[in-house]
Amino acid sequence: MQTLIQQHDKAIDSWREKELKADYEAIHSTPVMKTPSPMEKQAASLYTRAAFNKFQDEFVETLANPASRISDSGTHTTYRVAKFGEVHKGHTVNFDALEVKAICSCQMFEYSGIICRHILAVFRANNVSTL
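All values reported here derive from a predicted model rather than from experimental measurement.

*Asks:* Explain the sheet that holds strand β1 (residues 67–73) to me, and be specific about the residues and the numbers.
*Replies:* The antiparallel open sheet is built from 4 strands, whose spatial order is β1-β2-β3-β4. Either end of the sheet is taken by a strand with one partner, and the two such strands are β1 and β4 (101–104). Shown here is a sheet whose adjacent strand axes are inclined to one another by a mean of 25°, direction ignored. Across 4 bridges, strand β3 (residues 91–96) lies against β4 in antiparallel orientation. Within β4, the position partnered with N94 by the bridge is I103. With respect to the sheet, helix α5 (residues 117–125) is in contact with β1, β2 (76–81), β3 and β4, its orientation differing from that of β3 by roughly 45°.

*Asks:* Before we move on, can you summarise the environment of T92 with the specific residues and values?
*Replies:* Assignment of secondary structure puts T92 in strand β3. Sequence spacing of T92 and P66 is 26 residues, and the spatial spacing of their C-alpha atoms is 12 Å. Residues contacting T92, with those up to four places away along its chain left out, are T78, Y79, R80, I103, C104 and S105. Separated by 3.3 Å, the side chains of T92 and R80 make a polar contact.

*Asks:* Outline the UniProt feature "domain: SWIM-type" (unreviewed entry) in the protein chain, listing residues and values.
*Replies:* Taking the numbering used here, the UniProt-annotated feature "domain: SWIM-type" (unreviewed entry) corresponds to residues 91–127. Secondary structure content for residues 91–127 is 38% helix and 27% strand, and the end C-alpha separation is 20 Å.

*Asks:* I'd like to hear about unusual backbone geometry, residue by residue, with values.
*Replies:* With a phi angle near 50°, V100 is a residue other than glycine that sits in the positive phi range. Relative to the helices and strands, V100 is located in the loop between β3 and β4. In this structure, N127 is a non-glycine residue whose phi angle is positive, near 55°. Counting through the fold element by element, N127 comes out in the segment after α5. According to the relative accessible area criterion, N127 is exposed, its value standing at 69%.

*Asks:* A description of a nonpolar patch on the surface should follow, citing residues and the corresponding values.
*Replies:* Judged by side-chain polarity, M1, L4 and I5 come together as a nonpolar surface patch covering roughly 370 Å² of accessible area. On the secondary structure map, L4 appears in helix α1 (residues 2–28). Taking the relative accessible area as the measure of exposure, L4 reaches 54% and is therefore exposed.

What counts and what doesn't
Residues numbered from 1 in each chain as written. Predicted model: local features only at pLDDT ≥ 70, side-chain atom pairs only at ≥ 80, totals over all residues. Heavy atoms only, no water. Pairing = 2+ DSSP bridges. Helix = DSSP H or I, 4+ residues; strand = E, 2+ residues; numbered from the N terminus. Axes fitted to C-alpha atoms, helices over the stretch in contact; angles between N-to-C directions. Contact = heavy atoms within 4.5 Å. Polar contact = N/O pair within 3.5 Å; in protein donor to acceptor, adjacent residues only side chain to side chain. UniProt positions renumbered as here; feature names shortened; annotations may be inferred. Buried < 20%, exposed > 50% of the residue type's maximum accessible area, 1.4 Å probe, protein only. Patch = residues over 30% accessible without salt bridge, like charges linked within 9 Å, V, L, I, M, F, W, Y side chains within 5 Å. Areas by Shrake-Rupley, 256 points an atom, 1.4 Å probe, with all protein chains shown as cover. Salt bridge = Lys/Arg side-chain N within 4 Å of Asp/Glu carboxyl O.

Here it is as structure tokens:
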């Protein structure tokens, strides 16, 4: 039992050390931007480094995932977002232009807190430049 407790304590100490190191890096360094987008710069200041790297991957993927308008009713527009040539694997994004809010069928934001490529593609199509 004592060995188990010692291993647990070592694991907790290792986790804390990794967290402290990540915090230090996030505070004292600037991530490399892949685009001149103000949205990417804003995300770098909002997210932790690990979360920003995931956001950045999603952001870059918007270039290969165009948004196609499928219905429009005033301030609410529905888009289909899919990778070029993979329309059957696409996701539906509902965009509210008045509130500048979007909800995607992939639910990545609800699950991980990181905005998905599908919503980012819709934002790009609507000239939304900040989060």
